[in-house]
Amino acid sequence: MNDVYERINCRACKGTDLHKFLDLGEMPIPNGFRDPYDKSPEIKYPLAVNVCKTCWMVQLTHVVSPEIMYKNYSYIPSTSKTMLEHFERLARGVIFKSKLAPDDLVLDIGSNDGTLLSFFKDNGHRVLGIDPASNLSQVARKKGINTIDDLFSSKLARELVDCKLKPKAITATNVFAHVDDLNDFCDGISALLHPDGFFVVEVPYLPDLICGNEFDTIYHEHLSYFSLTPLINLFRAHDLIIVDVEKILVHGGSVRVFAVKENRWYSQYESVGKTLQEETAFNHIETFDAFAGRVEAIRLGLMSTLDHIKAQDQRIIGYGAPAKGNVLLNYCGIGPDILDYIVDSIPQKQGKRTPGTSIPIESEWYLEVDDPDYALLLAWNFKEEILEKQKEFRANGGKFIIPIPNVSIE
Ligand code: JHZ
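Every chain begins its residue count from 1, and numbering advances along the sequence as written. Local features in a predicted model are, by the rule used here, given only for residues with pLDDT of at least 70; side-chain atom pairs are given and counted only at 80 or more, and totals for whole chains, interfaces and linings are based on all residues. Only heavy atoms go into the side-chain values, all of them from the structure, while hydrogens and water stay out.

1. Here's the deal with the site of the ligand
And then number 1: In the neighbourhood of the ligand, 26 residues make up the surrounding shell, with Lys324, Asp344, Ser345, Lys349 and Lys389 lying closest.
And then number 2: For the ligand, an oxygen atom lies 3.4 Å from a polar atom in the side chain of His178.
And then number 3: Note that accessible areas follow from Shrake-Rupley with a 1.4 Å probe, and for residues the cover is restricted to the protein chains shown. Here the ligand has 730 Å² of accessible area as a free molecule, and 97% of this is covered by the chains.
And then number 4: At the level of secondary structure, the elements contributing two or more residues to the shell around the ligand comprise helix H11 (323–332) and helix H13 (383–389).
And then number 5: The element that contributes the greatest number of residues to the shell around the ligand is H13, accounting for 3 residues. The criterion for a residue being near a molecule or strand is simple. One of its heavy atoms has to lie within 4 Å of it. Counted as a polar contact is a pair of N or O atoms within 3.5 Å, where, for protein atoms, one must be capable of donating a hydrogen and the other of accepting one, and residues adjacent in sequence contribute only when both atoms are in side chains. Helix and strand definitions follow DSSP, with helices as H or I runs of at least four residues and strands as E runs of at least two, each counted in order from the N terminus.

Take a look at the structure:
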């Protein structure tokens, strides 16, 4: 596969009636953190989104090769208390809903460092992870979580079926949006899932992204942006029936979708019909064009706020180095002239520089010895956790600039 290619049809329904509603320009990949001495050229790729006027699936115009983005991955959710609590609740919910027996197999696709699977393992279930990032699967294996270093595919699914593996629960959290060939992925799920099993997908929820102005969550890893409308049809095309949908708060607003094999009769929860009904009011071109206008307003408002603070000779740092933070920094043109540095809790990011803007990333401990006036909260999805953690910084007069859903100072 080339490093990048342009899609000319919808990933879900293959329709070609696509409407581009936002173009964020050319950017480096969002987790492309660099060593300070790395002077190699930084490759940038187009970052823009289409909405399919046939099935209402939103998707990037260009697809960057997964080999470029995932071989050495720096997203580690287990560093956040919010995400640890979230994964524990998710595991409990899946165990209850799937009526998992002690020896049932649970498969997690995009298993990262094995955090989610460890909750199932501790409850006595067999577990298996799949993740292409070998730096993370090594960590999972040290926790006793068997992990296959690969991308999920229908080919891999059939190899697992040949090994007599039929998971009673298959989970995919923050990975389904990263998949280019969704039809092959769903084909593999349908072949692999136990006849009485549940397929549980968590993805950022498109209406929350649009209504919450969360434009920085649009980046090269996220190939698709889901509402329930396109998901229902995509799953049905692979004999997977969505029987329940839960709205959840993580990552700026996500949905948890439960699907079963078509031959496994389950009554559909009213959540499905209610959500589809709500989306009929959302699925209009004007919704997406109005969002693009708000994105530009946020960029102008944020730059005006930062310029005003700098004009008063006050210092600003960044807080959190999430993938989305790099979209916001690159789109708004925020560099080391505005942010002295960024603090982040993930050791793999500390000592690196941000892609495209080359801002140094340091440990959160920097705030124990430094005294900036403001912190731009790039990890705004963890606002409560971070503001609580930094209550002393705030008590000493430090202020947080919150860029999303609208620019505010707390
Ligand atoms: P965080 C993730 O993207 C990963 P990212 C993925 N791309 C995805 O699908 C979306 O979410 C939905 C730091 N931090 O987890 C840690 C602190 O420094 O939102 C992280 O670097 N102190 C698969 O990259 C960053 O913030 C803290 O107290 O946006 C958060 O990044 C906390 C809580 C976090 O992932």
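Now that the structure has been shown, the text picks up again.
2. Thoughts on unusual backbone geometry
Trans is the prevailing form of peptide bonds, just as negative phi is the prevailing case for residues other than glycine.
And then number 1: Going from Ile404 to Pro405, the amide bond is cis rather than trans, its omega being 10 degrees.
And then number 2: Within the secondary structure, Pro405 is located in the loop between strand E18 (399–402) and strand E19 (408–409).
And then number 3: A positive phi angle, near 65 degrees, is found at Lys164, a position not held by glycine.
And then number 4: Counting through the fold element by element, Lys164 comes out in the loop between helix H5 (154–162) and strand E9 (169–173).
And then number 5: Phi is positive for Asp239, which is not a glycine, with a value near 55 degrees.

3. Quick notes on the packing of helix H8 (residues 228–236) against helix H9 (residues 270–282)
And then number 1: For the pair H8 and H9, interaxial distance at closest approach is 9 Å and the crossing angle is 125 degrees. The angle between the axes of H8 and H9 places the two elements in the oblique class. Only Val272, Thr275, Leu276 and Glu279 of H9 make contact with H8, whose side of the interface consists of Leu228, Thr229 and Ile232.
And then number 2: For the contact of H8 with H9, the class distribution of residues is 4 nonpolar, 2 polar and 1 charged. Axis lines are fitted to C-alpha atoms, over the contacting stretch for helices. Their N-to-C directions set the angle, which ranges from 0 to 180 degrees. Here roughly perpendicular refers to angles of 65 to 115 degrees, roughly parallel to angles under 35, roughly antiparallel to angles over 145, and oblique to all remaining angles. Whether two residues are in contact is decided by their heavy atoms: any pair within 4.5 Å suffices. Side-chain classes follow a simple rule in which Ala, Val, Leu, Ile, Met, Phe, Trp, Tyr, Cys and Pro form the nonpolar group, Asp, Glu, Lys and Arg form the charged group, and the remainder, Gly included, forms the polar group.

4. Some thoughts on the nonpolar core
And then number 1: Within the largest apolar cluster, 88 residues are counted, with the highest numbers of intra-cluster contacts made by Leu22, Leu24, Phe120, Phe215, Ile218 and Ile334.
And then number 2: Per-element accounting of this core gives the leading share, 10 residues, to helix H10 (residues 285–311).
And then number 3: Setting aside chain neighbours within four positions, we find Leu24 in contact with Leu47, Phe215, Ile218, Val295, Val327 and Tyr331. In this description, a nonpolar core means a group of buried Ala, Val, Leu, Ile, Met, Phe, Trp, Tyr and Cys residues linked to one another through side-chain atoms lying within 4.5 Å. Note on exposure labels: buried denotes an accessible area under 20% of the residue type's maximum, exposed denotes more than 50%, and partly exposed covers the range between, all computed with a 1.4 Å probe on protein chains only.

5. Quick word on the side chain of Asn112
And then number 1: Within the element layout of this structure, Asn112 appears in the loop between strand E6 (105–109) and helix H3 (115–122).
And then number 2: The contacts of Asn112, once residues within four sequence positions are left out, are Tyr73, Tyr75, Ile76, Pro77, Asp131, Leu136, Ser137 and Ala140.

6. Quick notes on the pairing of E9
And then number 1: Across the 5 residues of E9, 5 count as buried, placing the element largely inside the fold.
And then number 2: Alternating residues of E9 divide into Ala169, Thr171 and Thr173 and Ile170 and Ala172, and every residue in both groups is buried.
And then number 3: Two strands pair if DSSP finds at least two bridges between them. Both E6 and E9 contribute to a ladder of 3 bridges, which runs parallel. Note that in E9 the partner of Leu107 across the bridge is Ile170.
And then number 4: Of the strand pairs in this sheet, E9 and strand E10 (residues 198–204) are connected by 5 bridges, and their pairing is parallel. Considered in E10, the bridge of Ile170 is made with Phe199.
And then number 5: Crossover handedness is defined by viewing with both strands directed away from the observer: a clockwise path from the first strand over the helix to the second marks the crossover as right-handed. In terms of handedness, the path from E9 via helix H6 (residues 182–192) over to E10 forms a crossover that is right-handed.

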